[in-house]
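Now for the letters of each chain:
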Amino acid sequence: MLSNPHLSNYIRFFQIISDMEQECLITQKEKHQLKVNLTLKDMQLVNMIALNTDADDEEFKYSIINILRKQNQSPRQRQGQKIRCKSTGIEMSPIRLIRRNSVSKEAKVTEEQLIQQIDDLNDSLVMILQNENKSILTPIVTEKLKSILEVIQKTTISSPSTTTTKILQAEDTENCKIVDKFTSLYSDMKKHYTDYLNCHLLLMDNNLSYENLVQSVKNFVKKLIDADQITYLHIREDQSQQTYYSADDSYLITNDKQIYNETQLIQPNKVLLLDECNFYPALSEQFKIKLYKRNYLIKLNNQDVFVCFHISDQTSIISEFLALADEFDIFEDLNQLSSFLIETIKQAKVQVFNPLQLSHMIQGIGIAFIRSSKYLFIKKCIHILQSKYQVEIHINSGDGMSVISSPSFFYGAQKQVDFDFKDELNVSITINGMDLNKKADLMIYKQLTQSFNKYLKFIRQCYDRTTFYKFFVKSQETLIFEFDKLGKLIFLSRPIPQEIKREFNIDFDPKKNKVTYSQLFQNEELLKYIENFLQEHNVLRDSDQQYQVFMKMEERNFKGFFIIFQQGWLKYDQKKFNLNDPSLQKELQKQIIQQETMRFIDKLEQNNPQILNSVVQMFKPRSTQRQTVHYRNSILQFEPAKLGVQHKCSLRMEDLNTQCTVPNIDNFNFNVLAVDEMVQKQLAVVEILKYHNLIKEYDIPLDTLCQFLSEVEYKYNKKKNVFHNYDHGVSVMQNVHAILLQLHQTSNAAILSTFNQFALLLSGLCHDVSHTGRTNTFEINSLSNLAIRYHDRSVLEQHHAAKSLKLLCVPATNILQSLKGEEFRKFRRMFISNILYTDITEHFNLIKNFESKVSESNFGQQDEDIKLLSGMIIHTSDFTGGAKQFELSKQWSFKVNKEFEQQYELEGKLGYPQLPYMKDLHKLPVMAKQEAGFFKFIVRPLWQSMSKYLDNRLQEQVDYLDETIQKWEQIANSE
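Model, not experiment: these values are computed from the prediction.

So, how was this worked out
Residues numbered from 1 in each chain as written. Predicted model: local features only at pLDDT ≥ 70, side-chain atom pairs only at ≥ 80, totals over all residues. Heavy atoms only, no water. Helix = DSSP H or I, 4+ residues; strand = E, 2+ residues; numbered from the N terminus. Buried < 20%, exposed > 50% of the residue type's maximum accessible area, 1.4 Å probe, protein only. Areas by Shrake-Rupley, 256 points an atom, 1.4 Å probe, with all protein chains shown as cover. Pairing = 2+ DSSP bridges. Axes fitted to C-alpha atoms, helices over the stretch in contact; angles between N-to-C directions. Contact = heavy atoms within 4.5 Å. pLDDT = per-residue confidence, 0-100. Expected span 1.5 Å × (residues − 1). Arc of directions from axis to C-beta. Core = buried A, V, L, I, M, F, W, Y, C linked by side-chain atoms within 4.5 Å. Salt bridge = Lys/Arg side-chain N within 4 Å of Asp/Glu carboxyl O. Phe/Tyr/Trp six-rings, centres within 6.5 Å; stacked < 30°, edge-to-face > 60°. Lys NZ or Arg CZ within 6 Å of the ring centre and 35° of its normal.

Student: Teacher, can you tell me more about the overall build of the protein here?
Tutor: Scanning the protein for helices and strands turns up 33 helices and 16 strands. Per-residue burial for the protein yields a buried fraction of 54% across its 975 residues. Accessible area of the protein: about 45000 Å², with a carbon and sulfur share of 48%.

Student: What is the right way to look at the sheet that holds strand 7 (residues 294–299) in this model?
Tutor: Picture the strands of a sheet paired through backbone hydrogen bonds; they go either parallel or antiparallel. Pairing in this open sheet of 6 strands is antiparallel, and the strands run 5-4-3-8-7-6 from one edge to the other. Single-partner strands in this sheet number two, and they are strand 5 (250–254) and strand 6 (271–273). Pairs of neighbouring strands in the sheet enclose a mean axial angle of 20 degrees, with direction left out of account. Along the sheet face, helix 9 (residues 210–225) touches strand 3 (229–235), strand 4 (241–245) and strand 8 (305–311) and points at about 75 degrees away from the line of strand 8.

Student: What exactly am I supposed to notice about the confidence of the model for the protein here?
Tutor: When pLDDT is averaged across the protein, the result is 78; 74% of the residues are at 70 or more. Confidence drops under pLDDT 50 across residues 156–168; counting only partners more than four residues distant or on other chains, this segment forms 21 contacts. The model gives residues 405–413 a pLDDT under 50, and that stretch makes 17 contacts with residues more than four places away or in other chains.

Student: Explanation requested: helix 33 (residues 955–972) in the structure shown.
Tutor: Because each turn of an α-helix spans 3.6 residues, side chains separated by three or four positions end up pointing in the same direction. Its 18 residues place the ends of helix 33 26 Å apart at the C-alpha level, agreeing with the 26 Å of an ideal helix rising 1.5 Å per residue. Turning to helix 33, its buried residues number three or more, namely Gln 957, Val 958, Tyr 960, Leu 961, Thr 964, Ile 965, Trp 968 and Ala 972. Down the axis of helix 33, the smallest arc covering the buried residues is 155 degrees, so these residues share one side. Elements that come into contact with the buried residues of helix 33 comprise helix 31 (886–910) and helix 32 (924–949).

Student: I'm lost on the nonpolar core in this one. Help?
Tutor: Phe 13, Ile 225, Phe 309, Phe 481, Phe 521, Ile 563 and Phe 565 are the most contacted members of the largest nonpolar core, which totals 132 residues. The greatest single-element share of this core, amounting to 16 residues, is contributed by helix 13 (residues 355–385).

Student: So what exactly am I meant to see when it comes to the pattern of salt bridges here?
Tutor: Side chains that differ in charge, positive against negative, can pair when their charged atoms come close. Tallied over the entire structure, the rule returns 17 salt bridges. The residue Lys 681 makes a salt bridge to Asp 727 at a minimum N-O spacing of 2.7 Å. One end of the pair, Lys 681, is in helix 20 (residues 678–691); the other, Asp 727, is in helix 23 (residues 726–743), and 46 residues separate them in sequence. By the burial criterion, Lys 681 is buried, and Asp 727 matches it. For Asp 962, the salt bridge identified is with Arg 940, shortest N-O distance 2.4 Å. With Asp 962 in helix 33 and Arg 940 in helix 32, this residue pair connects regions lying 22 residues apart in the sequence. Among the charged side chains, a network of salt bridges with common partners joins Lys 222, Asp 226 and Asp 228.

Student: For this particular structure, what's the right way to read the pairing of strand 13 (residues 478–484)?
Tutor: It is a general feature of regular strands that their side chains alternate between the two faces of the sheet. Within strand 13, 6 of the 7 residues are buried, which leaves it mostly tucked inside the rest of the structure. Sheet topology note: the strand 13/strand 14 (residues 489–492) ladder contains 3 bridges and is antiparallel. Bridging across to strand 14, Glu 482 finds its partner in Phe 491. Here strand 13 folds back onto strand 14, and the loop between the two strands holds 4 residues, one of which, Gly 487, carries a positive phi near 80 degrees.

Student: How do you make sense of the packing of aromatic side chains when you look at a structure like this?
Tutor: Each aromatic ring pair is specified by the distance between its two centres and by the angle formed by the two planes. The tally for this structure, following the rule as stated, stands at 36 aromatic pairs. Between Phe 481 and Phe 565, the aromatic rings sit 5.7 Å apart at their centres with planes inclined by 75 degrees, giving edge-to-face as the arrangement. Taken together, the positions of Phe 481 in strand 13 and Phe 565 in strand 16 (residues 557–566) put the pair 84 residues apart, joining distant regions of the chain. For Phe 481, a relative accessible area of 0% corresponds to the buried category. Ring centres of Tyr 517 and Phe 561 lie 5.8 Å apart, and the angle between their planes is 80 degrees; on these two criteria the pair is classed as edge-to-face. Here the residue Tyr 517 occupies a position in helix 16 (residues 517–520), and Phe 561 occupies one in strand 16, the gap between them amounting to 44 residues. No difference in accessibility class separates Tyr 517 from Phe 561, as the two residues are buried. Aromatic ring contacts, followed pair by pair, group Phe 377, Phe 419, Phe 421, Tyr 445, Phe 452, Tyr 455 and Phe 458 into a single cluster. Over the aromatic face of Tyr 245 sits the side chain of Lys 288, whose NZ or CZ is 4.2 Å from the ring centroid.

Student: Would you take a moment to explain the environment of Asp 768 for this structure?
Tutor: Residue placement: Asp 768 occurs in the loop between helix 24 (754–766) and helix 25 (776–781). The class of Asp 768 is buried, set by a relative accessible area of 7%. Along the sequence, Asp 768 and Tyr 726 sit 42 residues apart, while their C-alpha atoms lie 8.6 Å from each other. What Asp 768 contacts, discounting residues up to four positions off in sequence, is Tyr 716, His 724, His 728, His 800 and Asp 878.

Student: Where do I start with unusual backbone geometry in this structure?
Tutor: Peptide bonds are mostly trans, and most non-glycine residues show a negative phi. Phi angles above zero are rare outside glycine, and Asn 664 is one such case at about 60 degrees. Looking at the secondary structure, you find Asn 664 in the loop between helix 19 (582–607) and helix 20. According to the relative accessible area criterion, Asn 664 is partly exposed, its value standing at 34%. Backbone geometry places Asn 693, a non-glycine residue, at a positive phi of 60 degrees. Relative to the elements of secondary structure, Asn 693 occurs in the loop between helix 20 and helix 21 (694–697).

Listed below in structure tokens is the structure:
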């Protein structure tokens, strides 16, 4: 038996059969069958490929035709058969297999032969026009068709009753052109958007420079909206203007009163074409619009920021995208893109930028624009129809139905057809003059339907592809290469680590397009492994190698392959690294803990499948969570900093003389929900600070303390959140206080100094300051200002820390005035670290790391131990409501689930993905089931681990949790 051919021969085979289809040597169905047969290891086909290793393309094609002929699938053998077209339902003869030089140029053609050729041409044209691959119309084929048509036009036929009815009339030719335009539109737009992730590859550079970053962003904008340059202008508080020009990456500061006045006339949520407007001469000059053909200006929501997109030419298929923003309500996508561009450029100038974070944002924004590209597709479809019909456009935006009549040459048709594009904007059209009883009109209607549905399918595929990519971009343990069926690189999950580059001799240049796997990998062993693996046609196989290869299959067709490198073992191969090195030991331990965490989560889900769609999913590491992103209709609001703004004090100096009457401040029976007066809640906070002697120790002015607590209370309660409010902040601080009191009674009492305890208590109080009432997932899915600012990483937690620290930068609310220099910076680091530990996606890693570290005899002697213990205490305290007696615990559960209900309803209104565990929480049994799982798999293990460290001093709270779990399970099973 012949040996299997190399992968390069397979790739050549796929390329040749694609060429044969374009040259009309085989049909699309025959091409599909050949691919299926190869996938099924048809030995006749496999051996043929092996035999033709050194054959030229013509010999290869001849061998393929022989294969088809032997399988009774030759085009010659089916000349007498009829094929039914999928789109039109018309039966037609297949195109003949005719070699280019088989007919003499001198041969004379009789009238009868000419008519027969016209018949064949008519049938062939219909087949070609219905073919999904429009590239079948090669220049050679097109020229031949034109020459035949020229002969037809010069030929006089005398028998109209029998022969002239077969000749293509001008109207038939026009109908074919319309069909051709629909299919070309689909293929052109698909081609344009398919490779927009090339921008992602440009970022996969370990030493990404600012210049390359800016160039990558500009390429990204070009792909999405065809803008060559951008200019943005910011109106500052003193009414001066700061303008940024991407053309030369420069800023210009001006103080032009006319520019300011003109900006005040511009309304948000509108796209303004500056070229057609004479009302903004100063702005036009500032934006240098004369350098470009088109200049579109937008004002960002709730900001004095104006962005101008410049287009140098209008030859691209998407050159009209910006012009459709108002008509089809896609302004929010532009607003998101503009905000992203501004933030990226500004931040890249002052900090090291993580390319993975930027890649994550690019992919999210990119898929939002691909979704919106359907409106451009709709508009172009309408334009195509207008060449023959009169079209009325109906858009129901929610404010009523608007009708846009589009006059064109109209054939006086009495018939009309409605076409619904099935979109959230309820875009539909009425095609006047179309009669579906006519074959030509039916053909056009079916092609319109087919092309639009195929484009919607393409959008869904892009979304799935982006979701897949975003998952791997977040993975820090794996390196993914994706190649298409021709072996060209189309995706790379992250910059290639240097050790992997050296090990496998990888030559990767982000600036090179369409690099193949054989050009990328110079390691012969790896190349041989790839080719041998794919020859076996395995989808996935376990391997003891450093890498794995698996194929992409779609409907049994080979679509490409992945190579996955597992970096963890490579870093710590004992043959190459000295594991006695303390730094390597530390890193190795971290890797092992992460792997143990993932195994624990996997096992937990396998043994408890009910948690797969439960709130427990929120606590998994973000890199393992299913990414659901939908960026439509989100509103970005960049709030200006308001440092120094003070609000009415809820705690006054004279209130400090009032006795605090709140019971159980020093134990776990504390119940802030039973306290009606805000002053008493504030006094409880003061009492805790006094207990630890912090007011005297750090010389905190009492008037400053009153102002600080009042500001914290205001920032908590201004959004009127049901759960994430000041009550929650006070409860968490009090629980930290209660745990510290238990810690003081153990042998580990000295681990946390007074300084550490101060940072821990204050971060407990402030850990949810200015909470939005939504989850991190919501912020990321909506591409909110916070998500952009913090690059999807611990979005709300970073926000809470930032808002709190801003208060400590204002003299009137700075209770840390006694801390100077390095001491303040150390406090700040601890404060931020504590709040970041409240990110629930760190939950499993935190517990595993804590349980591993506390088992060591020297735990508590390093700064990292202090951070870990503080993080464990604040994270445990964040769930203090669940560790109360059931009647009180139930009140907290209802509060947090009310916020989940509100988020689920808002997600539905905005069209965002709705998390399954937030559905139907108003139904008590549904909520009870969620709560039971939440307390069983999340809260109880957390409190149990904390209690174990504290010599089981929290056992009463663990018992309360057991009772709560049982109660919720009883309620869940009651119906």
